[in-house]
Structure formats: C-alpha cells, structure tokens
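Examination of the molecular architecture
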Amino acid sequence: MNAIILTGSIATGKSTVASLLKLYGYTVISADEVAHKKLEEYSKDIKDMFGTSDRKELGKIIFNNETKRKKLEAFLHPKIKEYILNESNRLEEYNVAYFLDIPLYFETGNYKEFKNVVVVYTPRDIQIQRLSQRNNISLEEAEKLVNLQIDIEEKKSKATYVIDNSSNLKHLQKEVDKFIQQIQKN
C-alpha cells in the first residue's frame, strides 16, 4: 500500500507538516475533516442522541463524560473509517504515496491495516509550552490535555519515520524535505 499515516500529538506540528506535504503535491486525507463532514451529515441523529449537534457544545459534553464520548465515537468512527478506506482504495490506483492524517492513530488502534507511520515529534516540554501559547491556557491545563494522549516518546518509538519539530519552521521544512527524500527512495 502507498498510504502513510501522519500522526503526532497535540501541539507537535502535525497540521503544519500536513500543509507542507500538500504544498509538495501529496494528497492528505484528514480524519478530522472527515469527522466534521460526518458530524454535519448525521447532525439530526447526533442531535437526537446528545441534544445538540453543535461541535463546541458536543466537545464540552464528551470532554467531561467518557460514556457519552464513547457513544459518539461508536457512532462516528465506523463512518469515518469507511470513508477513509474508500478514499484509500481510490488513491491506491495511482500507485503514489499519500497521507492519512489521523491524530489519534495509536490511541484508537482503528487503522491497523496501514503499516507505515510518520510521527511529527516535539519534546514534551516544548509541546506543553506551544499548546499553552496557542490555546491561551495555563501550563497546567496544557499538561492535562497532553496527558490525555499516549506519550510522544512512545509514539516516536513505534513510528516508521519521524519528523523532528523541536525547533523553528525552517528546521521543520528541512525535516520534511529529508522525509520526502526517504519515501521517494522506498
């Protein structure tokens, strides 16, 4: 298969890497964008289940209630995966690398059929600092959000490829360039 999972953790720069890959002409399928489409497509069902289909309201509901979060995931994840698998099958016909941007790839374990994984890596302390600045929250709140995901060091150890984002944008661009050269050799 030509698919490469693009993942990382919150505030590691995965979205920036996805944008850079698109600039290089690669197709990037974003699980988050698919989820937003499915939220709209099934808004009536979701409103019946949770009393709202507004993304921000849903976020508050599921962030504070694991049972409701799992209920929403059980409803949406199969629909998201079906879409991603259909798109992947279509893209395989071109026999070129493409990317599946799946933020919680390791956490969900839902996409085991895809073996190649690139992790956008940022050391934990920088990750917390960036998240605090980006979301205008305290370092403690940022750390709590980071702790909701598998540790970035563990993700890094499971990756096929690693793109280091511990410095600035120029450094990140060089890392993406090196990564693209790697995958073009394979």
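Please refer to the structure higher up on the page.
Notes on the structure in this doc start here. Just so it is clear, the structure is predicted and the values come from calculations on it, not from any experiment.

Moving on: the pattern of salt bridges. By the definition in use, this model includes 13 salt bridges. Between E66 and R69 there is a salt bridge, and its shortest N-O distance comes to 3.6 Å. Placement of the pair is E66 and R69 together in helix α5 (residues 66-92), with a separation of three residues, close to one helical turn. Among the ionic pairs, E87 bridges to R90, the shortest N-O distance being 2.8 Å. Within this pair, E87 and its partner R90 are both found in helix α5, separated by three residues, close to a single helical turn. Here the residues in one salt-bridge network are E66, R69, K70 and E73, joined through shared partners.

It is worth spelling out the sheet that holds strand β1 (residues 3-7) at this point. A sheet is described by the order of its strands in space; here five strands give the open sequence β2-β3-β1-β4-β5, paired in parallel fashion. Each end of this open sheet is capped by a strand with a single partner; those strands are β2 (28-30) and β5 (161-164). Each strand of the sheet is rotated relative to its neighbour by a mean of 25°, with strand direction disregarded. When β1 meets strand β4 (residues 117-121), the two strands line up parallel, connected through three bridges. From the neighbouring strand, L6 faces β4, where its bridge partner is V118. Against the sheet, helix α1 (residues 14-23) contacts β1, β2, β3 (98-101), β4 and β5, and its axis sits at roughly 145° relative to β1. Each of β2 and β3 touches helix α2 (residues 31-41); the most contacted strand, β2, lies at about 50° to it.

Glancing now at helix α7 (residues 124-135). Look at α7: 16 Å from first C-alpha to last across twelve residues, which is about the 16 Å you get at 1.5 Å a residue. Along α7, the residues classified as buried are Q127, I128, L131 and S132. End-on view of α7: buried residues confined to an arc of 130°, all on one side of the axis. Opposite the packed face of α7, turned more than 90 degrees from it, sit the exposed residues D125, Q133 and R134. Of the surrounding elements, those touching the buried residues of α7 are α8 (139-147) and α9 (152-158).

With that settled, the discussion passes to the packing of aromatic side chains. Inspection of every chain in the model, using the stated rule, returns six aromatic pairs. Centroid distance Y111 to F114: 6.5 Å. Interplanar angle 35°. Geometry classified as tilted. Assessed through its relative accessible area of 5%, Y111 is described here as buried. Connected via pairs of aromatic rings, a cluster forms that spans Y26, F99, Y161 and F179. Above the face of the Y111 ring, K81 is positioned so that its terminal group lies 5.5 Å from the ring centre.

Let us now look at the packing of α1 against helix α10 (residues 169-185). Where α1 meets α10, the axes come as close as 11 Å, and the angle between the chain directions of the two elements is 55°. Considering the angle they form, α1 stands oblique to α10. Between α1 and α10 lies a crossing of right-handed hand. Two secondary-structure elements touch here, α1 through T16, V17, L20 and L21 and α10 through L169, L172, Q173, V176, F179 and I180. Class assignment of the residues belonging to the contact of α1 with α10 gives a composition of eight nonpolar, two polar and no charged.

Rules behind the numbers
- Residues numbered from 1 in each chain as written.
- Predicted model: local features only at pLDDT ≥ 70, side-chain atom pairs only at ≥ 80, totals over all residues.
- Heavy atoms only, no water.
- Salt bridge = Lys/Arg side-chain N within 4 Å of Asp/Glu carboxyl O.
- Helix = DSSP H or I, 4+ residues; strand = E, 2+ residues; numbered from the N terminus.
- Pairing = 2+ DSSP bridges.
- Axes fitted to C-alpha atoms, helices over the stretch in contact; angles between N-to-C directions.
- Contact = heavy atoms within 4.5 Å.
- Expected span 1.5 Å × (residues − 1).
- Buried < 20%, exposed > 50% of the residue type's maximum accessible area, 1.4 Å probe, protein only.
- Arc of directions from axis to C-beta.
- Phe/Tyr/Trp six-rings, centres within 6.5 Å; stacked < 30°, edge-to-face > 60°.
- Lys NZ or Arg CZ within 6 Å of the ring centre and 35° of its normal.
- Parallel < 35°, antiparallel > 145°, perpendicular 65-115°, else oblique.
- Left-handed = near helix turned anticlockwise from the far one by under 90°.
- Nonpolar A, V, L, I, M, F, W, Y, C, P; charged D, E, K, R; others polar.

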